[in-house]
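Chain residues, written in single-letter form:
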Amino acid sequence: MKSIEISARTVVEAIQLALVQLNKDRDEVAIEVLEAGGEDEEALVRVTAIDDDDDDDASVLEAAAASAEPTGDTTQLTIEQIARRILEDLFARMDIEAFVDPVRTTVPGQKGEPEETITLHVEGADEEAMGLLIGRRGETLRSLQFMVNLLVSRRVQKWPQIVVDVGNYRQRRQESLEGLARRIAERVRQSGRPLTLEPMGAYERRIVHLALRGDTSVYTQSAGEGETRKVVIHPAKQP
Amino acid sequence: MKALLEYMAQNLVDHPELVQVRERPGRYTITYDLKVGPDETGKVIGRSGRVAKAIRDLMSVAAARQNKRVHVDIE
């Protein structure tokens, strides 16, 4: 069972981060508030996944490579600072002003060893610039995250898992995909005919599958290959 | 924009001193020719061109900030 402890400025923010990290809905986890946080104190929560059946589409956490040597707090702090610095370097050269806030989370890996994820939260006042960073369906954000991971791993000779999020886009995208999944499922239920969603990446298809997993009136499948792989929502087979 | 391309390329290769970026301005589109050391082209292209795609996507953001389009050629 996956459990992570995560700190952020507020409890709500920490929970949201944890849900993104765990790839879970709010009703699929148990939440413990360890520190409520205050004016200059960060909130700390422990979020535990209740059931843990993993999809074929590997979650970002599973892909996290465990570092060869034991990492103390100092080392991890250094990677966070390096990651933040690299992202800030990129922004400076892109003519983008933004605030980068790194949050480190640790989850127990398959052998119980700690696996860390560093999430770089990006906030900026310029909405247009933030939109450019996200790109159509988050494509630019994926490229940005890929580049940051590459540059950091080259610098530190390790493969820490780094997630880049802009203006809480990942959480908002998840919520909108879940809403879409439920609306389309309703149409499938009424018409009794399957409907196909637009092509999506593995991470987004997984969100749709999970959103409808508890719905017995429909079932979901992925069809197609590569870039054009999409989710099909089918009406449940008649008994 | 040139600084962004140089930054990415120099930090992706083992020989940053061999990175060369040539800028060819057009009316709407600026073209950059990126050249890296021998045997290092793969590092700026990546498996299935993933690195090159990331470079181009981020260059497009920088270009959009200046209301321009950009084209990156990797030699």
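Predicted model only: the values in this text are computed from it and were never measured.

A.B. asks: Please give an account of helix α4 (residues 139-156) of chain A that cites residues and values.
C.D. replies: It helps to recall that an α-helix has 3.6 residues per turn; residues three or four apart then point in one direction. All names here are of chain A. In a regular helix each residue adds 1.5 Å, so 18 residues correspond to 26 Å; α4 covers 26 Å between its end C-alpha atoms and thus fits that length. Here α4 lies mainly inside the structure; 14 of its 18 residues are buried. Trailing α4 by a residue or two, Gln 157 shows a phi angle of about 60°, which is positive.

A.B. asks: Talk me through the sheet that holds strand β8 (residues 218-223) of chain A; I want residue IDs and the actual numbers.
C.D. replies: All names here are of chain A. The strand order across the open sheet built from three strands is β7-β9-β8, with neighbouring strands paired in antiparallel fashion. Edge positions in the sheet fall to β7 (195-199) and β8, since each of these pairs with one other strand and no more. Across this sheet, the average inter-strand angle for adjacent strands is 20°, counted without regard to direction. With three bridges joining them, β7 and strand β9 (residues 230-235) adopt antiparallel strand pairing. The residue of β9 that forms the bridge with Leu 195 is Ile 233.

A.B. asks: Quick one: what's the story with the sheet that holds strand β2 (residues 29-35) of chain B, residue by residue and with numbers?
C.D. replies: Residue and element names in this part refer to chain B. In spatial order, the strands read β1-β2-β3; together these three strands make up an open sheet with mixed pairing. Where the open sheet ends on each side, the last strands, each with one partner, are β1 (20-25) and β3 (69-74). This sheet shows a mean twist of 20° between the axes of neighbouring strands, independent of strand direction. Relative to β3, β2 runs parallel, the two sharing six bridges. Its bridge partner lying in β3, Asp 33 is registered against Asp 73.

Here is what the cut-offs are and how they apply
Residues numbered from 1 in each chain as written. Chains lettered and ligands numbered in written order. Predicted model: local features only at pLDDT ≥ 70, side-chain atom pairs only at ≥ 80, totals over all residues. Heavy atoms only, no water. Helix = DSSP H or I, 4+ residues; strand = E, 2+ residues; numbered from the N terminus. Expected span 1.5 Å × (residues − 1). Buried < 20%, exposed > 50% of the residue type's maximum accessible area, 1.4 Å probe, protein only. Pairing = 2+ DSSP bridges. Axes fitted to C-alpha atoms, helices over the stretch in contact; angles between N-to-C directions.

These figures come from the coordinates and say nothing about function on their own.
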